[in-house]
Amino acid sequence: VQLVESGGGLVQAGGSLRLSCVVSGITSSIKTMGWSRQAPGKQRELVATMTSGSGTIIYADSVKGRFTISNDNTQRTMYLQMNNLKPDDTAMYYCTVDGYYAGSNFRSWGQGTQVTVSS
């Protein structure tokens, strides 16, 4: 599975951005899709996840009520709608998938897209 993110950029506090992640490969093997972020000097933080099949969605407390994860139901494109952005949301954002294929679990990451929120 290969992942390519887009949609990052510079936005003022209170603004919005929509990140996209195009997924290619054997998408039927995907179990969970999600977004993570990493700010300079900080550990990578899981922002939102969506479980295939059940559709269960989990958000980090820091983004609840502001971010929305979704996909196009074919698991070919995943989105992260980010509203009311704050300077603390500044980070490199990565889409991630976890899956199972040919007897093994796997995790794939995209190359990341930078989000910068100015105060």
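Just above sits the structure.
Along every chain, residues carry numbers that run from 1 in the direction the sequence is written. The predicted nature of this model means local features are confined to residues of pLDDT at least 70 and side-chain atom pairs, given and counted, to a pLDDT of 80 or more, with totals for whole chains, interfaces and linings taken over all residues. With hydrogens and water set aside, each side-chain value is computed from the structure's full complement of heavy atoms.

(A) Structural view of the side chain of D89. Among the secondary structure elements, D89 is positioned in the loop between β8 (77-82) and β9 (91-101). Two N or O atoms count as a polar contact when they lie within 3.5 Å, although within protein this holds only if one can serve as hydrogen donor and the other as acceptor, and sequence-adjacent residues are included solely when both atoms are side-chain atoms. Within the structure, D89 has its side chain in polar contact with the side chain of R37 (distance 2.9 Å). Excluding residues within four positions of it along the chain, D89 makes contact with R37, R66, F67, N84, V115 and V117. Secondary structure elements follow DSSP: runs of H or I no shorter than four residues count as helices, runs of E no shorter than two count as strands, and numbering proceeds from the N terminus. In this analysis, two residues are considered to be in contact whenever any of their non-hydrogen atoms come within 4.5 Å of each other.

(B) Representation of the state of the cysteines within the structure. For the purposes of this analysis, a disulfide is any pair of cysteine sulfur atoms at a distance within 2.5 Å. Across all of its chains, the model carries one disulfide by this definition. Through a disulfide, C21 is tied to C95; the S-S separation comes to 2.1 Å. Its S-S torsion of about 55° marks the bond between C21 and C95 as right-handed, since a negative value means left-handed. Taken together, the positions of C21 in strand β3 (residues 17-24) and C95 in strand β9 put the pair 74 residues apart, joining distant regions of the chain.

(C) Inspection of the pattern of salt bridges at higher detail. Salt bridges are identified by distance alone: a Lys or Arg side-chain nitrogen within 4 Å of an Asp or Glu carboxyl oxygen. In the structure shown here, the tally under the stated rule is five salt bridges. Among the ionic pairs, D89 bridges to R37, the shortest N-O distance being 2.9 Å. One end of the pair, D89, is in the loop between β8 and β9; the other, R37, is in strand β4 (residues 30-38), and 52 residues separate them in sequence. Here the salt bridges do not stand alone but share partners, grouping R37, E45, R66 and D89 into one network.

(D) Main features of the packing of aromatic side chains. The pairing test for Phe, Tyr and Trp rings, Trp by its six-membered ring, is centres within 6.5 Å, and the orientation test on the planes gives stacked under 30 degrees, edge-to-face over 60, and tilted for anything in between. Summed over all chains, the structure comprises one aromatic pair. Considering the side-chain rings of Y94 and W109, the 6.4 Å spacing of their centres and the 90° angle between planes classify their relative orientation as edge-to-face. Pair noted here: Y94 is in strand β9 and W109 is in strand β10 (residues 104-109), with a separation of 15 residues, a long-range link. Here's how the labels work: a residue is buried when its accessible area is under 20% of the maximum for its type, exposed when over 50%, partly exposed in between, all with a 1.4 Å probe on protein chains only. Residue classification places Y94 among the buried residues on the basis of a relative accessible area of 14%. A relative accessible area of 36% places W109 in the partly exposed class. Whether a charge sits over a ring comes down to the Lys NZ or Arg CZ being within 6 Å of the ring centre and within 35 degrees of the ring normal. Positioned above the aromatic ring of Y94, the side-chain terminus of R44 is 3.9 Å from the ring centre. The side chain of R44 reaches across the aromatic face of W109, ending 4.3 Å from its centre.

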